[in-house]
Structure formats: structure tokens, C-alpha cells
Amino acid sequence: MPIRMLDSLREGLQAAVRKLVGSMTVDEKAVKEFIRDLQRTLIQSDVNVKMALEVAERVERRVLEEKPAAGVTRKDQVVSVLYEELARLLGGEGGLHLDKSKTNVVVMLGIQGSGKTTTTGKLARFYSKRGFKVGVVAADTFRPGAVVQLKTLASSSGVDVYSDEKQKDSVKIAKDGRKYFEGSKNLVVIDTAGRHKEEKALLQEMREVVGAVRPDATLLVIDGTIGQQCYNQALAFHQAAPVGGIVVTKLDGAAKGGGALAASAATGAKVFFIGTGERIDDLEEFAPTRFVGRLLGMGDLKALMDMVRMSEVEIDEKAAQRMMSGKLTMDDLLAQFEQMKKFGSVKKVLEHIPGFSGAVNPQELEKAEDRVRVYKSIIQSMTGTEKTDPERINSSRVKRIARGSGRSEKEVRELLARYKQMKSLAKSSRGREFRQMIRRAGAQ
Ligand SMILES: Nc1nc2c(ncn2[C@@H]2O[C@H](COP(=O)(O)OP(=O)(O)O)[C@@H](O)[C@H]2O)c(=O)[nH]1
Ligand SMILES: [Mg+2]
């Protein structure tokens with residue numbers, strides 16, 4: 001997949017999602033429109049046409065056929081299906097499968113500067129924290145200071161290092177190191193050299209190390225900031241020694257993350273880990289959904305889902321029951337109006353998320369909030385019977401309530417009209433439509 005797809009893909013997807021999130025109801029028409037937007041965006045972003053059509057078709061089929069789970073709105077469902085399908089493009093969840101009952105051996109591949117040694121230290125720490133006995137092997141015989149660098153990294157997590165500074169044959173060090181730790185460790189990570197200028201010799205050495213050590217897995221370390229080069233680099237390594245998994249480093253910096261897609265596409269291997277900083281703990285197991293979210297500048301999937309969910313007005317189930325049976329009280333109504341305030345906080349969160357800042361119209365929000373304040377003061381000036389049985393509010397009561405709340409009679413009547421409208425609608429509508437209706441009643 002070409003990397004230049006990322007910018008336009010990000011923009012296009014954000015626009016499509018924004019449109020969907022901003023629409024009142026997500027019916028079949030809205031879904032179809034979303035699918036068309038999706039297809040267009042994918043194709044314009046140079047995603048292979050067949051792949052784009054397949055993804056769009058899968059999203060559409062799943063959205064139209066799968067029933068959203070209880071409590072999941074249509075919007076949640078569409079967005080989460082989209083994320084899942086985009087994550088599938090990345091090959092789904094990967095990960096090292098280690099068998100604790102034996103000595104697992106992992107060889108690190110990658111060019112100099114990609115972050116192999118750093119990642120070796122990070123992995124050693126990652127797994128020793130999870131109860132593995134880890135040993136690392138310093139098989140980089142070319143870079144001065146490589147052994148010291150690895151020892152420093154390893155010592156901070158109490159990991160043993162095998163090194164042999166007199167030995168210049170890195171294949172031999174790798175083999176000896178493996179033998180040295182065999183039986184006493186659950187995991188041995190072999191750090192290798194990565195001379196820059198002699199790529200052929202480097203690949204040859206990788207081939208020899210892998211041939212001699214016969215590791216359980218090879219991990220290719222790719223610098224996420226190198227953009228287009230990722231693909232060819234990954235391919236070259238893959239041809240020298242089959243890549244089992246990928247680690248994309250430096251995703252904390254300027255990297256757009258295209259490296260992960262490219263390396264994955266070139267090798268067919270999955271991304272297992274990502275490096276997100278220079279510190280030893282800056283290693284994350286790769287989660288495609290989170291990555292897709294990050295790629296799109298939308299935060300992680302869960303945060304997104306929570307926000308989409310929050311932007312739906314929640315409804316108190318008991319109050320809903322009462323309303324459906326036609327027994328709507330002013331307190332129920334007020335409780336629903338209070339939910340409007342949530343729009344305010346959602347708006348604040350959304351503003352920080354690229355692509356969502358236009359999702360909720362600020363004027364509408366303000367109007368809705370003002371209205372809730374007005375209604376609240378009016379309702380608070382009602383007596384208990386007036387609240388539970390608003391039908392009894394005649395014009396002299398309207399006058400009294402207006403005086404008591406410091407609001408105009410017109411505003412009191414407006415609230416009563418809204419109450420009536422709500423009550424009759426409540427009897428005739430159900431479920432999600434009902435929720436939409438309440439939202440409209442408060443937000444218009
Ligand atoms: N910001 C950032 N820097 C990294 C990351 N991984 C490695 N580096 C830095 O990249 C440089 C090269 O790393 P090194 O492990 O020596 O690469 P090697 O030559 O492949 O062994 C060092 O300065 C590391 O601190 C990462 O995930 N984020
Ligand atoms: Mg190194």
C-alpha cells in the first residue's frame with residue numbers, strides 16, 4: 001500500500017465520520033452515503049481499487065446485517081465496524097507467541113540506526129516484567145560501544161548479557177550466546193549489527209546468523225520516520241531471512257506511521273510492537289485498532305467510541321418507561337434537559353480531536369444550554385402537583401410560576417407546549433427514535 005495514501009485517507013475518513021456523527025439519524029440512506037464516501041476516499045488515496053471496494057462492501061454488509069448490541073447506537077456500530085475493517089488491512093492482531101516451557105530465541109534484524117539495540121533492551125524489559133527469564137546477546141561486532149549500550153540497557157532491568165569483545169565473528173557470538181543461555185532462560189534476544197554502507201554484506205550476515213541460530217522468530221526493526229524506504233528495506237530483509245514480525249520505531253516523532261503499513265505489506269508479516277520513545281519503557285504491543293485511530297488523528301478507538309456514545313443523549317430507563325406509558329412529569333423532562341449539558345463537555349473534548357471539531361454546532365449547544373437553564377428555573381417554581389401533573393397548570397398558575405421564576409409567561413407556556421409535544425410523541429415513538437426526539441426537543 002503506498003504511503004502517500006495516508007494524508008488524503010486521513011482527511012477523507014475524518015470527513016466521512018464527521019458527517020455521520022453529525023447526522024441526526026443513521027438510517028440505510030446515511031449508511032449508503034457513508035459507504036460511498038468511504039469508497040471514494042480509499043480510491044482517491046491510492047488504495048488498490050479492488051481492496052477499497054472490498055473494504056467498503058464489508059463495512060456496508062456488516063452494518064446493515066449485524067444488529068448493534070444492546071446499548072450500542074448505530075453510529076457506534078458504523079464507526080467501530082469501520083475501525084475493525086481498517087485494522088484488518090493491517091493484518092489484525094499479531095504478537096510474539098512464546099512458550100515459557102522452553103528457551104525461545106528471537107533474532108533482531110534491521111539496519112543501523114533503526115533502533116535494534118534500543119528495542120532489544122525494551123523487549124528484554126517488557127518480557128522480564130511479565131515473568132520471563134531473559135538473556136540478551138550482543139552480536140553487533142561492528143559498532144564501537146554497542147556492547148556497552150546493550151549492557152546499560154539490560155542492567156536497568158536486571159537482564160543478563162552475553163558478549164565476547166574479542167570475538168569478531170558475529171555469527172559465532174550469536175551461536176555461543178544462544179548456547180550460553182539455553183535451558184536457563186525463557187527468552188533470548190539476539191541483537192545484531194546493521195552496517196549502513198554495506199547492505200549486501202549486512203543481509204548476508206543476517207542470513208548466516210539466522211541459519212546458524214535457527215531462532216523461533218525474527219523481528220525486523222524499521223525506523224518509522226523513513227517513509228517510502230520502509231517498503232524496499234523490509235522486502236530486502238525478508239528475502240534474506242523471512243521476517244516473522246515487525247517492530248516500527250520512532251512513532252513518537254514525525255513518523256506518520258506509513259512505515260508500518262509498508263513493511264507489513266512488503267513482508268506479509270504483522271507489526272508486533274511499536275517504539276514510542278527513547279526510554280526503555282517506550283514500547284507498546286501493537287494494536288491495529290489503536291494504530292488506525294492514531295493514524296487518523298482521532299485518539300484511540302475506545303476514547304472515540306466513548307465520545308460518540310456521550311454525544312447521544314442518554315435516557316434514564318425508568319423515566320423512559322414512565323414517558324412511554326404517558327406519565328411524564330416535569331422532573332423527568334428536566335432530567336432529560338439536563339442531559340443536554342453533556343453536549344457542552346462533549347464539545348470541549350471533541351474540539352481537541354482533529355476532524356471532530358465541527359461535529360457539534362457551538363451555537364446550537366449554547367442555545368440548548370440556555371434553554372435548559374430557563375426551563376430549570378421554571379420547573380423549580382412549580383408545586384409538587386404541578387410537576388407531576390402539568391396538565392393542571394391553568395393561566396393563573398402560569399402567571400404565578402412566571403413571577404416565581406423570574407421568567408416570562410411566554411417562556412412558561414413554551415415549556416408547557418414542549419411538555420405536551422414530548423408526551424404525545426413519547427406515546428407514539430419508541431427506542432432510539434424516542435431518544436432522537438428528546439434530543440431535538442431540547443436542542444432546536
Ligand atoms: N524517539 C525515539 N528514538 C528511538 C526509538 N528507538 C530507538 N531510538 C533512537 O534511535 C537511535 C538508534 O537506536 P539504536 O538502538 O542504537 O539503533 P541500532 O543501530 O539499530 O541498534 C538511538 O538514538 C535511539 O535512542 C523510538 O522508539 N523513539
Ligand atoms: Mg545497535
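Every value quoted in this text rests on a predicted model; they were computed, and no experiment measured them.

Draft legend 1. Up close: the overall build of the protein chain. Counting secondary structure elements, the protein chain contains 19 helices and eight strands. Split into buried and exposed, the 444 residues of the protein chain put 52% on the buried side. In the protein chain, 73% of the contacts between residues at least 6 apart in sequence involve partners at least 24 apart. Just so you have it, the protein chain exposes about 20,700 Å², and 49% of that area is on carbon and sulfur atoms.

Draft legend 2. Examining helix H9 (residues 229–240) more closely. Between its terminal C-alpha atoms H9 stretches 17 Å, which fits the 16 Å expected from twelve residues at 1.5 Å a residue. The set of residues buried in H9 consists of Cys-230, Gln-233, Ala-234, Ala-236, Phe-237 and Ala-240. Burial along H9 is one-sided: seen end-on, the buried residues are contained in an arc of 160°. Along H9, the residues that are exposed and aim more than 90 degrees away from the buried face are Asn-232 and Gln-239.

Draft legend 3. Inspection of the sheet that holds strand E3 (residues 160–162) at higher detail. Across the sheet, which stays open at both edges, the eight strands sit in the order E3-E2-E4-E1-E5-E6-E7-E8 with mixed pairing between neighbours. Because the sheet does not close on itself, it has two edges, and the strands there are E3 and strand E8 (283–285). On average, each strand axis in the sheet is inclined to that of its neighbour by 25°, with strand direction left out of account. Pairing of strand E1 (residues 104–109) with strand E5 (residues 217–223), which is carried by four bridges, proceeds in the parallel orientation.

Draft legend 4. Structural detail: the packing of helix H5 (residues 116–129) against helix H6 (residues 146–155). Their axes nearest at 9 Å, the elements H5 and H6 cross at an angle of 25°. What the angle tells us is that H5 and H6 run roughly parallel. In this structure, H5 meets H6 at a crossing whose hand is right-handed. Contacts between H5 and H6 involve Thr-117, Thr-118, Thr-120 and Gly-121 from the former and Ala-146, Gln-149, Leu-150 and Leu-153 from the latter.

Draft legend 5. Representation of the packing of aromatic side chains in the model. In the structure shown here, the tally under the stated rule is six aromatic pairs. Seen in terms of ring centroids, Phe-126 and Tyr-127 are 5.0 Å apart; in terms of plane orientation they differ by 75°. Their pairing is edge-to-face. For Phe-126, a relative accessible area of 9% translates into the label buried. Under the relative-accessibility criterion, Tyr-127 is labelled buried at 6%. Between Tyr-127 and Phe-273, the aromatic rings sit 6.3 Å apart at their centres with planes inclined by 85°, giving edge-to-face as the arrangement. Here the residue Tyr-127 occupies a position in helix H5, and Phe-273 occupies one in strand E7 (residues 270–275), the gap between them amounting to 146 residues. With a relative accessible area of 0%, Phe-273 lands in the buried category. Chaining the aromatic ring pairs together yields one cluster made of Phe-126, Tyr-127, Phe-132 and Phe-273. Positioned above the aromatic ring of Phe-132, the side-chain terminus of Lys-100 is 4.8 Å from the ring centre.

Draft legend 6. Here's a closer look at the site of ligand 1. Gly-113, Lys-116, Thr-117, Thr-118 and Asp-252 are the nearest of the 18 residues found near ligand 1. Note that an oxygen atom of ligand 1 is positioned 2.7 Å from one of the backbone N or O atoms of Lys-116. Between ligand 1 and Thr-118, the relevant distance is 2.4 Å, taken from an oxygen atom to a side-chain nitrogen or oxygen of the residue. Protein chains bury 82% of the 580 Å² of accessible surface belonging to ligand 1 in isolation. Tallying contributions element by element places H5 first for the shell around ligand 1, with four residues. Grouping the constituent residues of the shell around ligand 1 by class yields one nonpolar, eleven polar and six charged.

Draft legend 7. Quick peek at the environment of Lys-179. Relative to the assigned elements, Lys-179 resides in helix H7 (residues 170–181). Given the relative accessible area of 62%, Lys-179 is considered exposed.

Draft legend 8. Highlighting the nonpolar core. One finds Leu-109, Ile-190 and Phe-237 to be the most contacted residues of the largest nonpolar core, which totals 37 residues. Broken down by element, this core gets its largest block of residues, six residues, from helix H8 (residues 199–213). Ignoring sequence-local partners within four residues, the contact set of Leu-109 consists of Lys-116, Thr-192, Met-206, Val-210, Thr-218, Leu-219, Leu-220, Val-221, Phe-237, Ala-241 and Val-243.

Draft legend 9. Geometry of the confidence of the model for the protein chain. Summary statistics for the protein chain give a mean pLDDT of 77 and a share of 69% for residues scoring 70 or more. Predicted confidence for residues 1–5 stays below pLDDT 50, and this span has 14 contacts to residues more than four positions away or in other chains.

Draft legend 10. Just H8, in detail. Its 15 residues place the ends of H8 21 Å apart at the C-alpha level, agreeing with the 21 Å of an ideal helix rising 1.5 Å per residue. For H8, every residue scored as buried is listed here: Leu-202, Leu-203, Glu-205, Met-206, Val-209, Val-210 and Val-213. When H8 is viewed along its axis, its buried side chains cluster within an angular range of 160° and face the same direction. Positive phi shows up at Arg-214, right after H8, with a value of about 45°.

Draft legend 11. Inspection of the side chain of Asn-104 at higher detail. One can find Asn-104 in strand E1. A distance of 2.8 Å separates the side chain of Asn-104 from the backbone oxygen of Asp-99, its partner in a polar contact. For Asn-104, the side chain forms a polar contact with the main-chain oxygen of Asn-186, separated by 2.7 Å. Contacts of Asn-104, omitting those with residues within four sequence positions, involve Leu-98, Asp-99, Asn-186, Leu-187, Val-188 and Asp-216.

Draft legend 12. Just the environment of Val-137, in detail. Turning to its location among the elements, Val-137 is positioned in strand E2 (residues 134–139). Each C-alpha atom of the pair Val-137 and Ala-174 lies 6.6 Å from the other, and the pair is 37 residues apart in sequence. The contact partners of Val-137, leaving out residues within four places of it in the chain, are Leu-150, Tyr-162, Ile-173, Ala-174, Gly-177, Arg-178, Phe-181, Val-188, Val-189, Ile-190 and Asp-191.

Draft legend 13. Structural view of the pattern of salt bridges. Per the counting criterion, the structure on display carries 19 salt bridges. In this structure, the salt-bridge partner of Lys-19 is Asp-37, at a minimum N-O distance of 2.9 Å. With Lys-19 in helix H1 (residues 5–22) and Asp-37 in helix H2 (residues 28–44), the pair connects residues that are 18 residues apart, well separated along the chain. Overall, the relative accessible area of 8% leaves Asp-37 in the buried class. Note that Lys-185 is salt-bridged to Asp-160, the shortest N-O span being 2.8 Å. Of this pair, Lys-185 sits in the loop between H7 and strand E4 (187–192) while Asp-160 sits in strand E3; the two residues are 25 residues apart in sequence, bridging distant segments of the chain. You can call Asp-160 partly exposed: its relative accessible area is 39%. When salt bridges with common partners are traced through the structure, they connect Lys-19, Glu-33, Asp-37 and Arg-40 into a single cluster.

Scoring rules and cut-offs
- Residues numbered from 1 in each chain as written.
- Chains lettered and ligands numbered in written order.
- Predicted model: local features only at pLDDT ≥ 70, side-chain atom pairs only at ≥ 80, totals over all residues.
- Heavy atoms only, no water.
- Helix = DSSP H or I, 4+ residues; strand = E, 2+ residues; numbered from the N terminus.
- Buried < 20%, exposed > 50% of the residue type's maximum accessible area, 1.4 Å probe, protein only.
- Contact = heavy atoms within 4.5 Å.
- Areas by Shrake-Rupley, 256 points an atom, 1.4 Å probe, with all protein chains shown as cover.
- Expected span 1.5 Å × (residues − 1).
- Arc of directions from axis to C-beta.
- Pairing = 2+ DSSP bridges.
- Axes fitted to C-alpha atoms, helices over the stretch in contact; angles between N-to-C directions.
- Parallel < 35°, antiparallel > 145°, perpendicular 65-115°, else oblique.
- Left-handed = near helix turned anticlockwise from the far one by under 90°.
- Phe/Tyr/Trp six-rings, centres within 6.5 Å; stacked < 30°, edge-to-face > 60°.
- Lys NZ or Arg CZ within 6 Å of the ring centre and 35° of its normal.
- Near = heavy atom within 4 Å.
- Polar contact = N/O pair within 3.5 Å; in protein donor to acceptor, adjacent residues only side chain to side chain.
- Nonpolar A, V, L, I, M, F, W, Y, C, P; charged D, E, K, R; others polar.
- Core = buried A, V, L, I, M, F, W, Y, C linked by side-chain atoms within 4.5 Å.
- pLDDT = per-residue confidence, 0-100.
- Salt bridge = Lys/Arg side-chain N within 4 Å of Asp/Glu carboxyl O.

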